[in-house]
Amino acid sequence: MNAVLIVIALVTLGAAAVAMTLRNLIHSALLLIASWAGVAAFYLWAGAEFVAFAEILVYVGAVSMVVLFAVLLTRRSRADLTVTPDSAGRAISGFIAGGAVCGVLVGAIVATPMGVGSSPTPTVTVKQIGVQLMGTHAASLLIVGVLLTVALLGAIVIASADRTDDSEDTP
Amino acid sequence: MLGSGLIQGLAVTAKNLVGSFHDPARYTNVEYPEVKTKLPEAYRNFPFLVTESASDPMGTLRCVACQICEKECPPQCIYIEKSKDKKPDATGKMQLFPAVFDIDTSVCMSCQICVEVCPFDAIKMDQVFEVATTSRFEALLLNRNQLAKPNTYYHSIHPTEAAEVDGRLAAERKAAEEKAKAAAAAKAAAAAAPKSATAAASATPPSTTPTPKPPAAPSAEAPKPPTPAA
Amino acid sequence: METAEQIRDRLLARFPGAEISVVTNPGAAAQHSLLLGHAHARAIAEFLRDDAPLKLDQCSNVTGIDWPEKKIVETTKVTVPDPAGGPAKVVEQKSERVQPGYLEVVYHLYSIAFRHGPVILRLRTGNRTDQVTVPSLTPVWRACEFQEREVFDLYGVKFEGHPDLRRILMWDTFKDHPMRKDYVEPDDYEWEPTPHGAVLEKAKAHYPTPPAAAIAPAAAPTPATGGAKS
Amino acid sequence: MSISDLSPLGAQGGSHVRAVHDEFHGDLLEVSMGPHHPSTHGVFRMIVTLDGETIVKLKPVFGYLHRNHEKLGENTSYLGSMPYTDRLDYLCSMTNNWAYAIAVEKLAGQPVPERAEYVRVILAEITRLLNHTCLAGFLMQDLGCSGTPLMYAFREREKILDLFESLSGSRMMCNYQRFGGCRVDPSADWLEGAKQLTDGYGQFLDEFEALLTGNEIIMARTQGTGVLSPELAVAAGVTGPMLRATGVNYDLRKTDAYGVYPRFDFRVPLGAHGDVYDRYMVRVLEMRESIKILQQALAGIPAGPIMDPKAKLRGFRPKAGEAYGRIEGPKGEIGFYLVSDGSPNPYRYRVRAPSFINLTILEDMCLGQTVADAVIILGSVDIVLGEVDR
Amino acid sequence: MIAAATTDAFLERAPVLLRDAVTGFLPEPWRTLVNALIAVGLILGIFGTLFAFITLAERKILGRVQNRPGPNRAPIPFINKRFFGLSQPFADGVKSLTKEDIVPRDADKVLHYLAPVALLAFSILTFAVIPYGRNLVPVELDAAVLYFFAAGAATELAVFMAGWASRNKYSLLAAMRALAQLISYELPLLLSWVPVVLIAGTLSTTAIVDAQAGWKFGFIPHWHVFTPWGFAGFVIFMVAALAESNRSPFDTPEAESELIAGHLTEYSGFKYALFFMAEYFGMLALSGMAITLFLGGWRSPLPFLEFIPSYLWFGGKLLALIFGFIWIRATFPRLRIDQLTRFAWKFLVPLALINLGNTIVWSLMSNSSALMQLARWPVCAAIILVPFVVLGRKLSAGVAPRIYRYA
Amino acid sequence: MTALQLCLVFSSALFCVGLVGALARSNTILVLLGIELMLNAANINFIAFWRFSPSPAPATGVMFVIFSIAVAAAEAAVGLALVIAVYRHQKNIRLQEANRLKG
């Protein structure tokens, strides 16, 4: 059981780590998609079927597309896809900060005794999720809905803001 | 309403889908190597040289190596070398003949102009079309042995036209023979009355070589009347 | 429609000092043309396009003609006084005159508005070597754009004022102008057996060892000047 | 606004030419469409500069099929050029032949017997049917129909080619017209076959139009695409259905009244928008008019000789002079300009190829449109590379 | 479960019985594993064969529509009989296997290799949750429909990878088009089946099929397609499915006349065959899902036809839908990419949203009196038809047949 | 180490990968992706705690993740729209250069 988890974790982390260091943006984006898929696999492992599929649908299906679009739209030539190497100082400070946070978190996790609950995988049916969404979390659902709408409208406005001439929409 | 045109189009394709199984007007395909359509009589592809007899093709070529077709051929795919000597043709008359007659069929565009300009009906259009060869150069360069095909073959591919040509040639030959006969008779008459008719005898040419037509230079007029296909 | 002479007279009235002359066409078509000098050519063209009774809004055809220099042998009769004092003799004297060559651009104009035409304009270059410029009529009729490029490409006439004067049919690195009468084709033929000696000779000259090349065409050296466009 | 203002070469630049800023140059994508491209109709090449999918620049490149047809014509006899004209626009050899014959007849003052004129009209109109049907098929192929309209067009074309073959001996390279008449006299059977074809063609067109004309996708793709203004069309020498689609009433069959066309009753369809749809529709309607002409010509064809008895083939030497003869070919005005110096070969032999000149305004029509439109605009121009490159 | 399960038990249960006969003796964890492997193998085998013959059928039908015979010459090996070219797919397979695999020099080699594999893998994944017959569903998932579309969503990613990795300008354009098309059509595709979930109250495919059991008046099946909202949803689903599987008239990414072959331009040999396979698998999977959601799944249309086993019904419906795909391909030209996205955003998405509301109206009215039961038909039909006409008018504004004048 | 702890270590490692990416890279898109990774790491925590909680029945963790995914999607959309807007202004998307408030 834990072995599966470790494999999933390693694949996900590896994909994410490589993605963050690659110079080719498209490769980065595709590897990140792999790591999102790994996260979805973790959800499946944990028994959260619905969330896993939602993760794939949203991240692999939609967010990745938007990312790739952004990558392709914000380059001036083919060479632009390979990012110029970042300054060493920036990278080192980033690593120091990340490493410190990681150390603190892992230390805290290992140090904290945690009572483990149910060992059989809990199940949650779609019906339960639906009932909960419409019942206890109805207000949150509404707010998220409004948030999404506003965000999408905002995205459209931002992305098309300064094109006032006769040029075409983004393809 | 949006989509009505699309549905109309779908109906047309459905009609054709069904129709292709029973309607010969729609399904007009012929599965070529197994089934062949009948070639129309007018069909032309690549010239050949007409010979009078199948047994002795080189001896009975109608071609007299006048080289008109060589000059007129638009892509210049014909190459002729005249013979040094003369030999009798089918009617027994002494004629030049082509020592070399090559047609480069990789260049020939089957335009039929050589046939039209030939005053001797010696070159005609063939109906071959399966002429693929394995060699790009040599096999497509046909020499006179390959080009010579008998008149009977000509009759088999263009019957109407061949009959007309034969009729015309026969008439010409007959006219020439009659002319020769008349000339001979005149000669005999002149011989019979040698003294009194010297003037008359000298008026007729001493030797009458019965040519069907003078070997025309490119500038000669009187084109061959067009031959109707049917 | 007005005749060429009438148009010339009207143009001369409108553009005093312009060189305009009528070139008569002796053939059966009798399509006479107007020869224009360079100075007023574009103004005249614009006038012809916008002129109310003519309105030649369509330039149908633009083409070049190459007139290489030719020797004209003229025989003149000269009366030579007899040195001996006798009556003057008429002697035929032959004089050779070289008519300088030139390139000519011909424009066929029609009117779509009034459905008449053609009015034919001609422009001539000074010679065939260094004075090969004529004014471009592309700004007047857009139709001339590609056709003038073609004349430039094939004849080497430079059009002054053409917006995009590049080769159009030949590749950019091509040197000569193939439609000129004195154009000599390069001997970059691919060697292949052909009944035509001239071609064969050229090919042989180009390829040192033709027979081997003929057997294995792939081994033939690639032509030096021919080949695909870059 | 004058004509020169409308053209990109005029003082103000084109009506919808957008400046290509250099600092944005990296945003542009230069695509070389052709010479090996499924929809350039042969070895034609367009160097297209794209901003996203929008065309900001388009440069046509020719010459891949250039064989110096005109030089060949100057080195062959007048008769010898006739089969070469077949190969200009290999869909319309009959009209090419006719245009060449008319130019030579003008040059030599050669009369043509009446029956031959009728036969010429019949063949020219059948050629028009053939060309327009195939064009519609190819255009739809460019639009992405998986071959269906093209195959229907070819099915009908096959019937026409059979007719051509039984008359002239060849399906495409007919080499049929001669100076002063036609090579072969069509038999009564052949005329009957042509009549059957003519009578059945309307029905085929109905079905063809049911498949295409009302199709919403085709209308959406073609209406408003590749708009050509009548002023620019006239200035650029555009002829044929492309010119008439812009609304300019100019049909040489009416204006030049060559042959026996004045004897027939037919109309000239005109477009109003000058877009791809108009070009398609004008051609379809022209086919319907052609059917009318064919019915009249086949009913009224007189008996008589097919060749002028005084006409010469071999050793034909027209007097010195020049002539420009033109007819309304299916693709536009096809003209031949001949200069004779009295020798057996023309001194100058020039082909005014309609599809070459119609391409002059290709860029003007494509600017501001998308790649997908460029393909159908090119398709609607109706080019044949044998004629463009000569 | 209804009566048919017992009346025609043998044929109906034959696949399961057969499987149990083979694997029955195995101990439990192994038995499940082997069963799963058998299911995978069967799906790959059956759909692989189906793919092969659908390519042939497509070419044959296209041929017949175009009044020509289609491929008919490939002989059966060794016996040298043609059988209407029935062995054409195998000849094609051998050809694509033996063809040289060309990778452009500047291509992104890894992605170029990965793209066809990923595409095929994702499209095969979607087969897992489709109920092929009574008790014949490879994986019983609670959120099966969601799984299906999650797996399917990744296919366009592979198309993008292919287009981008080829280092070809046409391919790149195709990649951009593929992205735009996916983003546009994902939404109507997802929205079109939400009404089904709403009515059936479940995301499980088997439960959705069960919800469509029974007949009204004894002969009108309770399929969702036979309701106003269901019909509209089905049409929207199929249109979006056409776009998702890159089929004509929405085949802009591989638009042959514009982009040569789009993302496939630089692929040859077996990789090309994989793409081809994936396209057909995607088409089959989407058709299978359409059958499950709207056409009653494996259920027979009429009660007296129930003796035919359920999997045959499923197969029949599948072939009918595939025929529809081919028929449409044979008839329609391609849309332009901007028209395509406009069609999605301005027509399909609003219509799908309205259809969602329509479904709510339908379900609210179903609980009321008999009069309401009757009234909901015209009401719901009107709710979807009126926007269809209005939106269609707006979408096709300025596009109409024209009248021409003559000179 | 218990499974829960493993999950949490996994989550914190993923979080730090995202953090390092967001801090060390100068490409705006990569920074955004790093943030997305951090959000995902948080989601892993929710699911892990739900999975190993003594009473997983209420499915609150799942609810949280669903909302979180929705928010992340919105964030991605807006963020990438911003990237495109920035690109329009300065013709590249290097973070250091996006330091002017007015384009």
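Residues numbered from 1 in each chain as written. Chains lettered and ligands numbered in written order. Predicted model: local features only at pLDDT ≥ 70, side-chain atom pairs only at ≥ 80, totals over all residues. Heavy atoms only, no water.

### A short note on the packing of helix H1 (residues 2-21) of chain A against helix H2 (residues 25-45) of chain A
Residues and elements named next belong to chain A. Keep this limit in mind: Axes here mean lines fitted to C-alpha atoms, for a helix over just the part in contact, with angles spanning 0 to 180 degrees between N-to-C directions. Each helix is a run of H or I in the DSSP string that is no shorter than four residues. Each strand is a run of E no shorter than two, and both are numbered from the N terminus. Geometric relationships in this document are graded by angle, where less than 35 degrees denotes roughly parallel, more than 145 denotes roughly antiparallel, 65 to 115 denotes roughly perpendicular, and other angles denote oblique. When the near helix sits turned anticlockwise from the far one by under a right angle, the crossing is termed left-handed; a clockwise turn instead gives a right-handed crossing. A contact between two residues is defined here by any heavy atoms of the two lying within 4.5 Å.
It is the contact of H1 with H2, at a shortest axis distance of 8 Å, that shows an interaxial angle of 160°. The angle between H1 and H2 falls in the class roughly antiparallel. Considering only the axes of H1 and H2, their crossing is left-handed. Residues Val4, Leu5, Ile8, Thr12, Ala15, Ala16, Val18, Ala19 and Met20 of H1 form the contact with H2, whose participating residues are Ser28, Leu31, Leu32, Ala34, Ser35, Gly38, Val39, Ala41, Phe42 and Trp45.

### Considerations on the sheet that holds strand S6 (residues 123-125) of chain B
All names here are of chain B. Inclusion rule: When DSSP finds two or more bridges between two strands, those strands count as paired.
Taken together, 3 strands build an open sheet; the order of strands is S6-S1-S8 and the sheet is mixed. Among the strands making up the open sheet, the edge pair consists of S6 and strand S8 (148-150). Taken pair by pair, the neighbouring strands of this sheet meet at an average axis angle of 50°, ignoring direction. Where strand S1 (residues 47-51) and S6 come together, 3 bridges link them in antiparallel fashion.

### Let's talk about the interface of chain A and chain F
Buried accessible area, meaning the area lost when the parts come together, often serves as the stated size of an interface. Condition: Joining two parts hides part of their accessible area as seen by a 1.4 Å probe, and the buried area is that hidden amount summed over both. By convention in these notes, a salt bridge is any Lys or Arg side-chain nitrogen within 4 Å of a carboxyl oxygen on Asp or Glu. For this analysis, a polar contact is any N or O atom pair within 3.5 Å, provided that within protein one partner can donate a hydrogen and the other can accept it, and provided that sequence-adjacent residues contribute only side-chain to side-chain pairs.
On the side of chain F, 73 residues touch chain A, which itself brings 84 residues to the contact. Buried area between chain A and chain F, both sides added, is near 6700 Å², and the carbon and sulfur share of it is 76%. Considering only the surface of chain A that becomes buried against chain F, A:Met20, A:Thr74 and A:Arg90 emerge as the three largest contributors, covering 10% of it. Applying the counting criterion to the chain A and chain F interface returns 0 salt bridges. For the pair chain A and chain F, the number of links is 3 residue pairs in polar contact (both at pLDDT 80 or more). For the side of chain A that touches chain F, the secondary-structure elements that each account for two or more residues are H1, H2, helix H3 (49-73), helix H4 (88-111), helix H5 (126-134) and helix H6 (138-159) of chain A. The element contributing the most residues to the side of chain A that touches chain F is H4(A), with 12 residues.

### Structural notes on the domain arrangement of chain D
Residue and element names in this part refer to chain D. As a reminder of what qualifies: Domain start and stop positions are those given by an automatic or database domain assignment.
Under the domain assignment, chain D is made up of domain 1 (3-61) and domain 2 (69-389). In this structure, domain 1 and domain 2 have C-alpha centres spaced 29 Å apart. Opposite the 22 residues of domain 1 that make contact, domain 2 presents 23 residues. Roughly 2000 Å² is buried in total at the junction of domain 1 and domain 2, and carbon and sulfur atoms are behind 71% of that figure. Viewed at the interface, domain 2 and domain 1 are joined by 1 salt bridge. Here Glu363 and Lys59 are joined by a salt bridge, their closest N and O atoms 3.0 Å apart. Where domain 1 packs against domain 2, one counts 5 residue pairs in polar contact (both at pLDDT 80 or more). Listed by contribution, the elements that provide at least two residues to the side of domain 1 that touches domain 2 are helix H1 (3-6), strand S2 (45-51) and strand S3 (54-61).

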